[in-house]
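Overview (structure and organization)
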Amino acid sequence: MNIVECVNVTKTYRQGKMEVRALGGVSLRIKKGGFVALAGPSGSGKTTLLNIIGGLDAADSGSVIVEGNVLDNMSQTELAQLRLRKIGFVFQSYNLIPVLSALENVEFVMLLQGVPTKERLDRARTILDDVGLEGLYDRRPAELSGGQQQRVAVARAIVSDPAIVLADEPTANLDSKTGRELLEMMGEMNEQKSVTFIFSTHDKMVMDHARRLVLIRDGLLADDQDRDP
Amino acid sequence: MYLRLGWRNIWRNPRRTTVILIAIIIGVWSMIFLGALMRGMTDQMIRNGIATLTGHIQIHQRDYRNDPAVENSIEDPAPIEAALDERLPTGAHWSARIRVTATAANARYAGGVTLVGVDPQMEARVSFIGKAIKEGRYLREDDPFGIVVGRALAEKFETGLGKKLVLMTQDTEKNIASRAFRIVGIYRAEMEATEKQFVFVTLPAAREMLKLEKGISEISILLPGHEMVAATLASLRDAPPLSGCDVESWRNLLPLMRAYLEIYDSFIFLWYLVVFIAMAFGIVNTTLMAIFERIREFGLFKSLGMKPWWIIKEVMAESFFLLLLGILIGNILSFLSVFLLMNHGIDLTRFAAGSEFFGISRVIYPSVYGRDVLLANLVVFILGLVVSLYPALKAARFKPVEALAHV
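Note that this is a predicted model, so its numbers are computed, not measured.

According to the domain assignment, chain B contains domain 1 (2–49 + 257–405) and domain 2 (63–243). Using C-alpha coordinates to define each centre, domain 1 of chain B is positioned 49 Å away from domain 2 of chain B.

Below, the structure is given as C-alpha cells:
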C-alpha cells in the first residue's frame, strides 16, 4: 500500500525576476513502512519535495497524496490537521521549543491532539526512555547536547504514531557516532512501530542505512534503488 | 498549554518584558491615581457647592431665581415646613433663610455682600457655617445685632471682632433699609470668595431689617446621601403646599458645576484612551519584536500541526500575561498612592487663587470610584488584547517553509 504518492510534481521559486526550478515533474510512490532516503546534492530539490509531501509547501502542479489525502486543494487549516495527525517532522537544526523541557516538547503534539494528561505523560516518558533519554525529562533544549536534542525531536515526531516521519538532513549537525546511533534508533522505530521514514540527505551514512534510495538531481528523479542497508 | 508557553515566552527577554511592563504600570497608575485625584477634586467641588448654602435641594418662590429680590420671598413658609417634616427622609435637615444682596460698610470700606438671615441651630446642620467659626462665636437665637463675617471680608474691611458693620439693602416697601451689626464671629471657608461674599445674621434680625413678617427667601435641604435627591425631589414636588414653588436639586442650582461634571465624565474616557494609545504602541512594538525574533519557532508550530487560530491564542497568551501583570502592579501602586494621600491630600494653597474660580478646594483628597477603576482596567485589558491581535495575526500568517528557513 502506498502511503505517499507524488504525480508529476513541479515547483518553481521566484526571487524578483529570477526563477529557480526546484522540481521539474517528480513522480514517486512510497510504501507504508518504508525507510527511504531522498538523496542528492544541495539545491537538487530533495528538501522541496519533502516539504511538499509534508504539506509545508504547495506544488505548482501535479498531485500529492499522503495516506489517501489529496493535498492539492487543501486549506491551511486542513493541512495543519493532516500534519498534526499523520506526519512527524525531524529537522536538521532540531527545532525544539526552547522554553519547554524535553518531556514537554514531546508532550506538545499530543497536547495539540487533545490526548488526556496521564496518557500523554506516560507516552512521553516511555518514548524518551526508548530514545535513551531516561532521567533527562526536565532538561530544557539548551541543557542537552545536539545528539540528545535530535533524539527529543525524533521522540516528538513519533510519539503520536504518525503515518510518516519526514526527516530533513537529520544527521547534518551531528558527529558521525551520534548520527549513526540516531539512525539506528530510527531504524528500530521503523521496524518496531512500522512508521514510514523519509529522509532528505546527502550524508552517505544515511544513504547506507536507507532501504530505498531515491536520487534527485536538478529537480528530477535521477535514480531509484531498493536496497539492503 | 498556551498559558504555560505564554508565561515562559515573556521571560525569554526579561529586559524587554520589564520595559513594556513599566509602560503598562505607569499607564494604569496614571489612569487610576490621577483619575482618583480628579474625582477627589470634583467630589470636593460638589461638597463645597452643596455646603456653601446650596444643599441638595432648594425651595424658592417661583420668581425668586430670576429675580432674587425681597419681594419674591415665600410669604408664609409654615405649610411648606410642615410638608418637609412629613416628607423628608430620616436624617435629612432643612433650614429656612433670607438671602438678599446688600452693601456692607464700615468707616474704611464699602462693598457688596450677600446678607443671609438664618436660624442658627437649623442652619448649622445644613451648611458649612456651623463648623466654620474660627474667631469669636457663632450666632445665637437672641442676637438681634450680631453678625458673622468671613475672614477675607474682615481683612478687606480691616475690621475684626466687636467692630461695627453697617448693612444696607432694599426692604419690602422698596425703601433703603440699613442696620448696624456688631461682628461676633469670623468664619473660614474652603474658598476665599465665599468668605468675601456671605455675611450671616439671625432670621429675626433680617426680617426686622427687611420688614418681612414671616417671609423667607429659600429653604435649603441637606439629605443623608446624594442618591436620595431624585426621590425626595419627586416627593416634594407632589406636595400641595409646594405647588407654587420652585423645587430644584443642586445639579440645577449649580449649572456650572453640572457642566463641569459632564465634561469631566467625557474627558476621563478620552484621557484613558489617549494614555492607552501611547501604551498600545509599546505593546504592539514589543509583541512584534518578540514575534519577529521567533519566526522559525512559529514555522515549527505550524509544521507540528498548529492551526493559525492556535498560534493567535499562543501570542495572545503572552499579551494576556503582560497586561495582567501590568494591571495588577499598576493597581497596587495606584491604591498605595491613594492610601498615602488619604489623610493629608495634596495642598494646592499656592494655586488656590486660580482654582477657586472653579470651586476647587485648597487641599485635594483622592477619591476612588469603583466604576473608574473598572473602566481603566477594562480599557487597558480589552484594548490591549485587541491591539495584540495585530502581531498575533502576523504570526499566524507566516508560511511554514519560509518561517523555518528564516535565519
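That covers the picture; the talk isn't over yet.
Here we come to the interface of chain B and chain A. Facing the 21 residues of chain B at the interface are 25 residues of chain A. The largest share of the area that chain B buries against chain A comes from Arg 8, Leu 304 and Val 401 of chain B, three residues that together contribute 26% of it. The interface formed by chain B and chain A includes two salt bridges. Here Arg 8 of chain B and Glu 104 of chain A are joined by a salt bridge, their closest N and O atoms 2.5 Å apart. Here chain B and chain A share seven residue pairs in polar contact (both at pLDDT 80 or more) between them. Looking at the side of chain B that touches chain A, the elements that each hand over two or more residues are helix H1 (2–10), helix H11 (295–303), helix H12 (308–341) and helix H15 (400–405) of chain B. The element contributing the most residues to the side of chain B that touches chain A is H11 of chain B, with six residues. Partitioning the side of chain B that touches chain A into residue classes produces eleven nonpolar, three polar and seven charged.

Another point: the nonpolar core. Core analysis: the biggest nonpolar cluster contains 85 residues, and Leu 49 and Phe 108 of chain A together with Ile 24 and Met 31 of chain B have the highest contact counts within it. At eleven residues, H12 of chain B tops the list of elements feeding residues into this core. Once you skip the residues sitting within four places of it in the chain, Phe 108 of chain A turns out to touch Ile 97 and Leu 100 of chain A together with Met 1, Leu 5, Phe 301, Leu 304 and Met 306 of chain B. Counting residues in hydrophobic clusters, the runner-up holds 37 residues, among them Ala 124, Leu 128, Leu 136 and Val 195 of chain A.

All names here are of chain A. Bridge count for strand S1 (residues 2–15) against strand S2 (residues 18–31) is eleven bridges, and the pairing is antiparallel. By the bridge assignment for S2, Thr 10 is matched with Gly 24. Between S1 and the antiparallel strand that follows it, S2, lie two residues; Gly 16 among them carries a positive phi value of about 65°.

Here we come to the pattern of salt bridges. Residues and elements named next belong to chain B. Counted according to the given criterion, the structure contains 34 salt bridges over all chains. When the shortest N-O distance is used, the salt bridge between Arg 12 and Glu 297 registers 2.8 Å. Highlighted residues: Arg 12 in the loop between H1 and helix H2 (14–54) and Glu 297 in helix H11, separated in sequence by 285 residues. A relative accessible area of 9% places Glu 297 in the buried class. A salt bridge links Asp 171 to Lys 211; the nearest nitrogen and oxygen atoms lie 3.1 Å apart.

This brings us to the environment of Met 74 of chain A. All names here are of chain A. On the secondary structure map, Met 74 appears in the loop between strand S5 (69–70) and helix H2 (76–86). Sequence separation between Met 74 and Gly 55 is 19 residues, and the spatial gap between their C-alpha atoms is 9.0 Å. Ignoring sequence-local partners within four residues, the contact set of Met 74 consists of Asn 69 and Leu 79.

Attention now goes to the sheet that holds S5 of chain A. Spatial ordering of the open sheet is given by S2-S1-S4-S5 (chain A), a layout of four strands whose pairing is antiparallel. The sheet is open, and its two borders are formed by S2 and S5 of chain A, each paired with just one other strand.

Peptide bonds are, in most cases, trans, and in most cases residues other than glycine have a negative phi. Residue and element names in this part refer to chain A. Not every positive phi belongs to a glycine, and Asp 161 is a case in point at roughly 50°. Considering the arrangement of structural elements, one finds Asp 161 in the loop between helix H5 (146–158) and strand S7 (164–168). Residue classification places Asp 161 among the exposed residues on the basis of a relative accessible area of 51%. Here the phi dihedral of Ser 194 falls at roughly 55°; this positive angle occurs in a residue that is not glycine. When you line up the elements, Ser 194 lands in the loop between helix H6 (176–193) and strand S8 (196–201). Judged by relative accessible area, which is 39%, Ser 194 ranks as partly exposed.

What follows covers empty space enclosed by the protein. Any empty space left between atoms is shown by rolling a water-sized probe over those atoms. Tallied over the full model, the rule gives two cavities of 30 Å³ or more. Here the largest cavity is characterised by a volume of approximately 60 Å³. Lining of the largest cavity is provided by Arg 83, Leu 84, Ile 87, Gly 88, Phe 89, Val 109, Arg 156, Ala 157 and Ser 160 of chain A together with Ser 303 and Leu 304 of chain B. Put simply, the parts of the chain that give the lining of the largest cavity at least two residues each are H2, strand S6 (87–90) and H5 of chain A.

About the cut-offs
- Residues numbered from 1 in each chain as written.
- Chains lettered and ligands numbered in written order.
- Predicted model: local features only at pLDDT ≥ 70, side-chain atom pairs only at ≥ 80, totals over all residues.
- Heavy atoms only, no water.
- Domains from an automatic or database assignment.
- Contact = heavy atoms within 4.5 Å.
- Buried area = accessible area lost by both parts, 1.4 Å probe.
- Salt bridge = Lys/Arg side-chain N within 4 Å of Asp/Glu carboxyl O.
- Polar contact = N/O pair within 3.5 Å; in protein donor to acceptor, adjacent residues only side chain to side chain.
- Helix = DSSP H or I, 4+ residues; strand = E, 2+ residues; numbered from the N terminus.
- Nonpolar A, V, L, I, M, F, W, Y, C, P; charged D, E, K, R; others polar.
- Core = buried A, V, L, I, M, F, W, Y, C linked by side-chain atoms within 4.5 Å.
- Buried < 20%, exposed > 50% of the residue type's maximum accessible area, 1.4 Å probe, protein only.
- Pairing = 2+ DSSP bridges.
- 1 Å grid on protein atoms, 1.4 Å probe; cavity = no way out; pocket = protein on both sides within 12 Å on 5 of 7 lines; lining within 4 Å.
- Points joined across faces, edges and corners; volume = space filled by probe spheres on them.

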